[in-house]
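Spelled out, the chains give:
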Amino acid sequence: MATVDDYEENVWKLCEQVKRTHPAELSRSYAVFVSNERRTVPLWRQKAGRGDEKLVIWDYHVFYMHNPSPNRCLVFDLDTTLPFPTYFHKYVTETFRSDYAVTPEHHRVIPAEKYLAEFSSDRRHMRRPDGSWIKPPPSYAPIQTSTNTHSLDDFICMKPGKGPGSVYDLLHFVQQFYKPPDRNITKTQN
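Residues numbered from 1 in each chain as written. Predicted model: local features only at pLDDT ≥ 70, side-chain atom pairs only at ≥ 80, totals over all residues. Heavy atoms only, no water.

### Regarding the sheet that holds strand β1 (residues 29-35)
A sheet is described by the order of its strands in space; here 6 strands give the open sequence β6-β5-β4-β1-β7-β8, paired in antiparallel fashion. A single partner strand is all that each edge strand has here, and the edge strands are β6 (86-87) and β8 (166-169). Sheet topology places strand β5 (residues 74-76) next to β6; 2 bridges connect them, and they run antiparallel. Paired with L74 across the strands is Y87, a residue of β6. Set on the sheet, helix α5 (residues 170-177) makes contact with β1, β4 (61-66), β7 (106-111) and β8; between it and β8 the angle comes to about 110 degrees. (Pairing = 2+ DSSP bridges. Helix = DSSP H or I, 4+ residues; strand = E, 2+ residues; numbered from the N terminus. Contact = heavy atoms within 4.5 Å. Axes fitted to C-alpha atoms, helices over the stretch in contact; angles between N-to-C directions.)

Structure, rendered in structure tokens:
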């Protein structure tokens, strides 16, 4: 099982950059955490994955999502082998597959502004039990809020009503962010 990456910080930095450079787009931006009760989430098409399908089992995974219009949602996953960014529908069908074959994963969707205000990490998940780093941490200081030094577990928790944002199963996640193009063609009569 893959673990210990700083995707949550990278996504926080993406949100911060959007706020600084395109503030009007922040309200259309989200951090998305994917996990489940067992913290064993299979994702396909991941750089850290193995085999032809690039399957990896994460304890949790985080990506950035931009939803400028009902049928134009884009996913920015820093570990995907898919194009960067990828349209939501392609990303979901290539990355998550089905809740029926595995322990269902859940998607905690946090508006970017809320993520910037509430996320913090002292990077404890990046250390071994003896305190040494599993891999070198990012060069910048840990992300902290004025009231909390470590809120990562609240974002990974997938219990509805606990933690920020909204929690969706795969079906409702897709229904919330994917609006297929209108295929109704109006015929004119002669």
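### Thoughts on the side chain of E8
With respect to the helices, strands and loops of the structure, E8 is situated in helix α1 (residues 7-21). Those residues in contact with E8, other than ones at most four positions away along the chain, are F33, Y60, V62, Y115, F119, H125, M126 and L152.

### Considerations on α1
Given 3.6 residues per helical turn, the α-helix brings residues three or four places apart onto the same face. Compared with an ideal rise of 1.5 Å per residue, which puts 15 residues at 21 Å, α1 spans 21 Å between its outermost C-alpha atoms and is within 8% of the ideal. Among the residues making up α1, those that are buried are Y7, E8, E9, V11, W12, C15 and V18. On its buried side, α1 packs onto β1, β3 (56-58), β4, α3 (112-118) and α4 (152-156). (Expected span 1.5 Å × (residues − 1). Buried < 20%, exposed > 50% of the residue type's maximum accessible area, 1.4 Å probe, protein only.)

### Side note on the nonpolar core
Counting 44 residues, the largest nonpolar core has F33, F63, M65, F96, Y115, F173 and F177 as its most contacted members. The residues touching F63, leaving out its near neighbours within four places in the chain, are V11, Y30, A31, V32, V34, V75, F76, D77, Y91, F96 and F173. (Core = buried A, V, L, I, M, F, W, Y, C linked by side-chain atoms within 4.5 Å.)

### Description of unusual backbone geometry
For the bond running from F84 to P85, omega is -5 degrees, close enough to zero to count as cis. With respect to the element layout, P85 can be found in the loop between β5 and β6. One non-glycine residue, R39, lies in the positive phi region at around 50 degrees. Mapped onto the secondary structure, R39 falls in the loop between β1 and β2 (41-43). Backbone geometry places K54, a non-glycine residue, at a positive phi of 55 degrees. Structurally, K54 is set in the loop between β2 and β3. According to the relative accessible area criterion, K54 is partly exposed, its value standing at 26%.

### Let's talk about the pattern of salt bridges
The final tally for this structure, using the stated rule, is 6 salt bridges. E94 is the salt-bridge partner of R45, the closest N and O atoms lying 3.0 Å from each other. Within this pair, whereas R45 is found in the loop between β2 and β3, its partner E94 is found in helix α2 (residues 88-95), the two being separated by 49 residues in sequence. A residue is classified by how much of its surface remains accessible, and E94, at 23% relative accessible area, is partly exposed. (Salt bridge = Lys/Arg side-chain N within 4 Å of Asp/Glu carboxyl O.)

### What to know about the environment of W133
On the secondary structure map, W133 appears in the loop between α3 and α4. Once residues lying within four places of it in the same chain are set aside, the contact partners of W133 are R123, M126, R127 and R128.

### A closer look at the pairing of β1
Here β1 lies mainly inside the structure; 7 of its 7 residues are buried. Burial along β1 is two-sided: the face carrying S29, A31, F33 and S35 and the face carrying Y30, V32 and V34 are both buried. Pairing analysis gives 6 bridges linking β1 to β4, with the strands arranged antiparallel. Among the inter-strand pairings, V34 is bridged to a residue of β4, identified as H61. Pairing between β1 and β7: 6 bridges, direction antiparallel.

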